[in-house]
Amino acid sequence: DSSGTFVQLRVSLVQTSCSKRAQRRHNCRLMENRRKPVCLACYKFDRSDVSKVLDKYHNCGPSHHLAAKEIKHRDEAECRAVEEAGGAEDGFYLPGMFAFSKGLPP
């Protein structure tokens, strides 16, 4: 894509018995019958300035929920929109992209 680089990341999370501040997290036991959310993140980076994000989408939802299929369809549609961001025909505006100020007279 000439307008930028699209990245999609899907992560499945699992709750463990260790606290967030535990020093040795590699020995943590997985908690059974707990929530296992699935997170999806989509980013579109500007090809000429990789630090510039043209568009993004994040969502974490339960994998066992009855509406998981509907959530997945919505996530896919949102990620497609992110992937298409920054095209020549795109007239997108992101908050903070432009700043205007009016100076006071001297």
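Reading guide: rules and limits
Each residue is numbered by its place in its chain's sequence as written, counting from 1. Local features in a predicted model are, by the rule used here, given only for residues with pLDDT of at least 70; side-chain atom pairs are given and counted only at 80 or more, and totals for whole chains, interfaces and linings are based on all residues. Working from all heavy atoms in the structure, the side-chain values ignore hydrogens and water. UniProt positions are given in the numbering used here, feature names are shortened, and annotations may be inferred rather than shown by experiment. DSSP-based pairing: two strands are paired if at least 2 bridges between them are found. Each helix is a run of H or I in the DSSP string that is no shorter than four residues. Each strand is a run of E no shorter than two, and both are numbered from the N terminus. Between N-to-C directions, angles span 0 to 180 degrees; the directions come from axes that are lines fitted to C-alpha atoms, helices contributing only their stretch in contact. When two cysteine sulfur atoms are found within 2.5 Å, that pair is recorded as a disulfide. With a 1.4 Å probe rolled over the protein chains alone, any residue whose accessible area is under 20% of its type maximum counts as buried; one over 50% counts as exposed, and the rest are partly exposed. What pLDDT reports is the predictor's confidence in each residue, on a scale of 0 through 100.

The protein chain has the name Retinoic acid receptor responder protein 2 in an unreviewed UniProt entry, where Semnornis frantzii is given as its organism. In its Subcellular location (unreviewed entry) section, the UniProt entry covering the protein chain states "Secreted".

Pairing within the open sheet is antiparallel, and its 3 strands lie in the order 1-2-3. Edge positions in the open sheet fall to strand 1 (4-12) and strand 3 (53-62), since each of these has one partner strand only. Going across the sheet, the axis of each strand differs from the next one's by a mean of 5°, ignoring polarity. Summarising the sheet, strand 2 (residues 37-46) and strand 3 pair through 9 bridges and their orientation is antiparallel. If you follow F45 over to strand 3, its bridge partner there is V53.

This part covers the state of the cysteines. Evaluated as defined, the whole model comprises 3 disulfides. Each disulfide pairs two cysteine sulfurs, and for C18 the partner residue is C28, the sulfurs being separated by 1.9 Å. Judged by the torsion about the S-S bond (-110°), the C18/C28 disulfide is left-handed. Taken together, the residues C18 in the loop between strand 1 and strand 2 and C28 in the loop between strand 1 and strand 2 connect sequence positions 10 residues apart. For C28, a relative accessible area of 19% puts it in the buried group. Between the sulfur atoms of C42 and its disulfide mate C79 the distance is 1.6 Å. Its S-S torsion of approximately 75° makes the covalent link between C42 and C79 right-handed.

Before going further, it helps to examine the confidence of the model for the protein chain. When the pLDDT values of the protein chain are averaged, the result is 76; 72% of them are 70 or greater. Looking at the elements of the protein chain, mean pLDDT is at its lowest for helix 1 (residues 68-83), recorded as 83, and at its highest for strand 2, recorded as 89.

All right, on to unusual backbone geometry then. Positive phi is not limited to glycine here, since N33 has a value of about 55°. If you trace the backbone, N33 turns up in the loop between strand 1 and strand 2.

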